[in-house]
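Below are the chains, spelled out letter by letter.
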2 protein chains.
Amino acid sequence: MLCSCTNRDNTSVFEGRDNAVTMQRRTGGDHRPTLEMVAAAAGVSRGTASRALNGGVNVSRKAMEAVERAAAELGYRPNLAARTLVLGRSESIGLVISETDERLFSDPYFARLTRGVHSELAGSGIQLVLTLAQNDQERRQLVRFAAGRHLDGVLLISHHRPDPLPLALEDAGIPVVVAGRPNGPECSTRSWWVDADNCGGARQAVEYLISKGRRNIATVAGTQDMSAGFDRLQGWKEAMRVAAGALPEDLIAFGDFSEGSGRRGAEELLARGRPIDAIFAASDLMAFGVLDTLHRRGLKVPEDIAVMGFDDMPGSERCDPPLTTVVQPIDEMGRILVRMLLQRLRGEEDAETSVIVPTGFVVRGSA
Amino acid sequence: MLCSCTNRDNTSVFEGRDNAVTMQRRTGGDHRPTLEMVAAAAGVSRGTASRALNGGVNVSRKAMEAVERAAAELGYRPNLAARTLVLGRSESIGLVISETDERLFSDPYFARLTRGVHSELAGSGIQLVLTLAQNDQERRQLVRFAAGRHLDGVLLISHHRPDPLPLALEDAGIPVVVAGRPNGPECSTRSWWVDADNCGGARQAVEYLISKGRRNIATVAGTQDMSAGFDRLQGWKEAMRVAAGALPEDLIAFGDFSEGSGRRGAEELLARGRPIDAIFAASDLMAFGVLDTLHRRGLKVPEDIAVMGFDDMPGSERCDPPLTTVVQPIDEMGRILVRMLLQRLRGEEDAETSVIVPTGFVVRGSA
DNA sequence: GTGAGGGGTGGGAGCGCTCCCAAGGATGCG
DNA sequence: CGCATCCTTGGGAGCGCTCCCACCCCTCAC
């Protein structure tokens, strides 16, 4: 039985076909109008037409109008490749995500950062180009693409510590601003970067718990090869060293930012038998796992044990009890990322080359 | 108190700064090596160097090696703008998402489609460029970007019916393949397209319910200006017309694909007082809402009322009872999208210009 | 030995654009 | 009226690359 809403034209189930990349060279007939043709139609020279179409300095009113009319009539579209060739820049920048697409689309972090980048770029005339770089092959191709003058600069979202991409791009002459902190010997120190104050945020969270009378504050730390994981643990350590004198190593459990690892981390901490009256989880997802474990052990939050998270994920205000957590101004970070790259492209010498954005936190029910 | 993990160099909280777009023209000192320089270093001519670097036909072994060595030593990166200018193509294609970034990152559909596109393109040497086109200003800029020879073709993800983008791109000479169905008078019929067999999938779902002895099969339909919403309702109508003779209009409620609208749709259907023994929801999200409503009314699924969804969202197998639902081969659609665009770029006359991909379904507990 | 054939090479032409400079035309002031 | 000044214009140069064609030289057949 044929479906009536199947359309009438040449439609069928697709069959695989030879996929060789042999596109036509010099696409034959579709010669699009060039600036030369516009100029001819308007009765002026190339130079005048170019000036008329780019701001119109030193162009008479009459010439201006003639060129604009001719361009509209011919449906003229400037060849940006030619423009790039002579200008030496393409007026587009890349937003490169050096992560698996799995995380890309599931982690709201990317959505919010992209939104910030996007909003800062709106109306600037600069084209934003999103690109994934998930493996070495793709990274090489990206470097070729960017170095080939397709991108004037790159915003790189990269949170895993040893990422060869910033260095490779800088070596190819592409200015990079990284979201995250590309420190360490194996990474480029030339790249500029923006990061949330993960350390300070974590410290403030612990200090808040202390101010509420908590003393035995454990932590479920995140992945240590990510700056977010490392720095948040640093923040906890700093606050605890001050509060407890020495560092209570037995109050640390390690997770990987996932909910399951939060569950396991809490179980591990409780199993050690040491008194605990608060748990700081290095991500909200892990905090969800911690809450789950505490509930199942019959412990009350926050009466028996206070819980804090980090991120303010969607959903954090709806869990039981609503999660007190550290918030990063992700949109703002995206905007700063763009501003820094534009400064770098303009060659502003006095600009800040790295920015740490302060975090805040929302107090809800869990602490 | 200063955070010890704050780095040592020039770091501070960012302050807004003038954002005018006045990048440096003709970036001064950083003259990168050109093909001419590579040729000179290798002791051959431009032409020979070019041939050596592009497949090496009619190049002696000696010249080949000399050029490769020179290129490596100088760190030569071909200027892709110059290449694009002479070839008339850029060897990159766009994946344009004509949706809000809200949905972009929350709807797993995009992640899976992107994965399919990505995997099909791997190793082809073609650069994939993701772009958002959320408003008219961005759409115009995208057309300029693509028509300016930055993109050889565009894969457009667009499910809202009157989308001016495919037509605008085709008018500018850019081949487009749409994910979705750009039918209707206001839309381009020139664009090629790929769509899931929404109509057939819905019909099969209803036929399955009929085969299980259900007779009064209601539906909560989706947004009607999206082909997915329209076609899925068509499929339900076709099956019901055959089964019931006439079309039971009072078994239709309308939603917008969201969970809340599924809840309201189910309530509306039940409130009409007509006997119902199954509900086909046009999305899993709406099916979740339907299940919720039925539970609250104390109705048993599937004993009292069977429920089917459409999409196979992550989470559909974990709801109560696990959802029986129609699945679209989204990855495969992404792959087909790429293959079709490459065919179109190659100018293959005999290629299919539209493809409807058959759906399947998974039987779980709800029907 | 001579001519045909083919692999290998060099360099001119040209892609479409922007920049620059010389030259023309209009205008103003002494 | 003459000359300096400014606005406007045209067209050459050149961005870095690929294509094309003429040319060279080596090989092989007759």
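Preceding this section is the structure that the text describes.
Residues numbered from 1 in each chain as written. Chains lettered and ligands numbered in written order. Predicted model: local features only at pLDDT ≥ 70, side-chain atom pairs only at ≥ 80, totals over all residues. Heavy atoms only, no water.

A. Region of the structure containing the nonpolar core. Counting residues in each nonpolar core, the largest one holds 62 residues, and the members touching the most others are L155(A) and L155(B). Setting aside its immediate chain neighbours within four residues, L155(A) contacts I93(A), G94(A), L95(A), V96(A), V117(A), V177(A), L337(A), V338(A) and L341(A). (Core = buried A, V, L, I, M, F, W, Y, C linked by side-chain atoms within 4.5 Å. Buried < 20%, exposed > 50% of the residue type's maximum accessible area, 1.4 Å probe, protein only. Contact = heavy atoms within 4.5 Å.)

B. Representation of unusual backbone geometry within the structure. The residue after D320(A), namely P321(A), is reached through a cis peptide bond having omega -10 degrees. Its location among the elements puts P321(A) in the loop between β9 (306–310) and β10 (324–327). One non-glycine residue with positive phi stands out, namely D312(B), at about 55 degrees. (Helix = DSSP H or I, 4+ residues; strand = E, 2+ residues; numbered from the N terminus.)

C. Region of the structure containing the sheet that holds strand β6 (residues 217–221) of chain A. Residue and element names in this part refer to chain A. One open sheet holds the six strands; their spatial order is β7-β6-β8-β9-β10-β12, and the pairing between them is mixed. This sheet does not close on itself; its edge strands, each paired only once, are β7 (252–254) and β12 (360–362). Mean inter-strand twist for the sheet, computed between neighbouring axes without regard to direction, equals 20 degrees. Pairing analysis gives three bridges linking β6 to β7, with the strands arranged parallel. Looking across to β7, one finds that V220 is bridged to A253. Along the sheet face, helix α9 (residues 198–211) touches β6, β8 (278–281), β9, β10 and β12 and points at about 165 degrees away from the line of β9. The strands touched by helix α11 (residues 259–271) within the sheet are β6, β7 and β8, with β6 carrying the most contacts at an inclination of about 145 degrees. (Pairing = 2+ DSSP bridges. Axes fitted to C-alpha atoms, helices over the stretch in contact; angles between N-to-C directions.)

D. Local environment of the environment of A133(B). Residues and elements named next belong to chain B. The residue A133 is located in the loop between β2 (127–132) and α7 (136–150) in this model. Along the primary structure A133 and L156 are separated by 23 residues, whereas in three dimensions their C-alpha atoms are 9.9 Å apart. Not counting residues within four places of it along the chain, the set of residues in contact with A133 comprises V96, I97, S98, E99, E138, R139, L142 and L165.

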